[in-house]
Amino acid sequence: MSFVLLLLLFLLSCGVKGDPKPPPEPSFTFRRIGSLVVVYGKELEVPGFQKLNGYWVKESPSPLCFTVRHPWGRKKTVCVDAAPKARPELKVKELPDALLLIGKDGVLYRVYPVKNGRLVPKELFSFKGTGRLEKRYKPYRVAVTQVISDHLETAPRLLEVPAKPPPVPPPPRGLGYLEKDGRLYLYWFHEKPEQLVGFNLYADGRKLNSSPVRGFTYSLKKPKKRTVFEVRAVNAFLVESPPARLTYEPDALTP
């Protein structure tokens, strides 16, 4: 019995060691987009590449082999073919509110944002058959590539998506006036004032204010002749609404 206890104490004092963990391998994906080679992944080191926001890039149209390392683990060498000379084969059709991208049957396309005239290798979306780029209130650019294989895409085709017309705000309502002490006080209402930067006022077509009027009243010296007033709502795009119109007659007791 004493021998068994001594043996147990000896084993406990030595400790039980398991197999050591193998060093981690780098986890990544990569693709060639025209002449640009991109490596995606976290906890990576890619010698010879530039590290940007969440990816590594290198401009090289020639065939390329490179090494991807885990900072405290293993490394792996991969190769990509030369940049293809082909360009995306697709048609572009402009719709009132979008650009329609019409590709070849069964072909995969990828769409990327463009900043300062250069493709940003963060995919917006991919499509087969047809894709759609919604118009915004400001024009913007994208880059479209055609996927040749898992790691190979054509050089991008840059497209500009034109701006759609800005919205027109609804007109003011309830335009009226009061007279007091030789002055005329115009007043009105609006159903969506939170969408406006103010109002523009006109007298017989002549603009009265230099910048949009905040609020719902405006005073001026009482005209001596018949005058047509207009009040137009102005939104953040500086687009005016149709007018609320009122005719002032100096001798009239009511508007």
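These numbers were taken from a predicted model, which means no experiment stands behind them. (Residues numbered from 1 in each chain as written. Predicted model: local features only at pLDDT ≥ 70, side-chain atom pairs only at ≥ 80, totals over all residues. Heavy atoms only, no water.)

## Quick look at the nonpolar core
Under the convention used in this document: Joining through side-chain atoms within 4.5 Å is the link that ties buried Ala, Val, Leu, Ile, Met, Phe, Trp, Tyr and Cys residues into a set, and such a set is a nonpolar core. Buried, partly exposed and exposed residues are distinguished by accessible area as a fraction of the type maximum, computed with a 1.4 Å probe on protein chains only: under 20%, between the cut-offs, and over 50%, respectively. Each helix is a run of DSSP H or I of at least 4 residues and each strand a run of E of at least 2, with the numbering of both proceeding from the N terminus. Only heavy atoms matter for contacts: two residues are in contact if any of them lie within 4.5 Å across the pair.
Judged by nonpolar contacts, the single largest core of 18 residues is most densely connected at Leu184, Leu186, Trp188, Leu201 and Phe229. Of all the secondary-structure elements, those providing two or more residues to this core are strand E16 (173–180), strand E17 (183–189), strand E18 (196–203), strand E21 (227–235) and strand E22 (244–248). Sort the elements by how many residues they give to this core and E18 lands first, with four residues. Contacts of Leu201, omitting those with residues within four sequence positions, involve Leu186, Trp188, Arg206, Lys207, Leu208, Asn209, Val213, Tyr218, Glu230 and Val231.

## A look at the layout of surface pockets
Picture a little ball the size of a water molecule; that probe, rolled over the atoms, points out where space is still empty. Formally: Residues are said to line a cavity or pocket when one of their atoms sits within 4 Å of a point; the points come from a 1 Å grid over protein atoms alone, cavities being sets where a 1.4 Å probe fits but cannot get out and pockets being open sets with protein on both sides within 12 Å along at least five of seven lines. Grid points are joined across faces, edges and corners, and a volume is the space filled by probe spheres set on the points. Classification used: nonpolar for Ala, Val, Leu, Ile, Met, Phe, Trp, Tyr, Cys and Pro, charged for Asp, Glu, Lys and Arg, polar for all others including Gly.
The computed volume of the largest pocket comes to approximately 410 Å³. Around the largest pocket, the lining comprises 19 residues; the ones closest to its centre are Leu36, Glu59, Arg118, Leu119 and Val120. Contributions of two or more residues to the lining of the largest pocket are made by strand E4 (55–59) and strand E10 (118–119). Looking at the lining of the largest pocket, the element that brings in the most residues is E4, giving four residues. Its residues assigned to classes, the lining of the largest pocket comprises eleven nonpolar, four polar and four charged.

## Quick look at the pairing of E22
Going by this rule: Strand pairing is defined by DSSP finding a minimum of two bridges between the two strands.
Here E22 shows a buried face lined by Ala244, Leu246 and Tyr248 and an unburied face lined by Arg245 and Thr247. In terms of strand pairing, E21 meets E22 through five bridges, oriented antiparallel. When the sheet's bridge partners are listed, Thr227 is paired in E22 with Tyr248.

## What about the pattern of salt bridges?
Convention followed: A pairing counts as a salt bridge when a side-chain nitrogen of Lys or Arg comes within 4 Å of a carboxyl oxygen of Asp or Glu.
Inspection of the entire model under this criterion finds 16 salt bridges. Arg110 serves as the salt-bridge partner of Glu123, at 3.3 Å between the closest nitrogen and oxygen. A residue pair is termed long-range when its members are at least 10 positions apart, and Glu123 in the loop between E10 and strand E11 (125–128) and Arg110 in strand E9 (residues 108–115) qualify at 13 residues. Given the relative accessible area of 12%, Arg110 is considered buried. The partner of Arg110 in a salt bridge is Glu153, and the shortest N-O contact between them spans 2.4 Å. Separated by 43 residues along the polypeptide, Arg110 in strand E9 and Glu153 in strand E14 (residues 152–153) bring together distant segments of the chain. On the basis of relative accessible area, Glu153 is assigned to the buried category, the value being 0%.

## A word on a nonpolar patch on the surface
The test is simple: Without a salt bridge and with relative accessible area above 30%, a residue can belong to a patch; like charges are then joined within 9 Å and nonpolar side chains (Val, Leu, Ile, Met, Phe, Trp, Tyr) within 5 Å. Values of accessible area rely on a 1.4 Å probe in the Shrake-Rupley scheme; residue burial ignores everything except the protein chains shown.
Where nonpolar side chains cluster on the molecular surface, the patch consists of Leu178, Tyr185, Tyr187 and Phe189 and spans about 400 Å² of accessible area. The leading source of residues in the nonpolar patch is E17, at three residues. By secondary structure assignment, the location of Phe189 is in strand E17.

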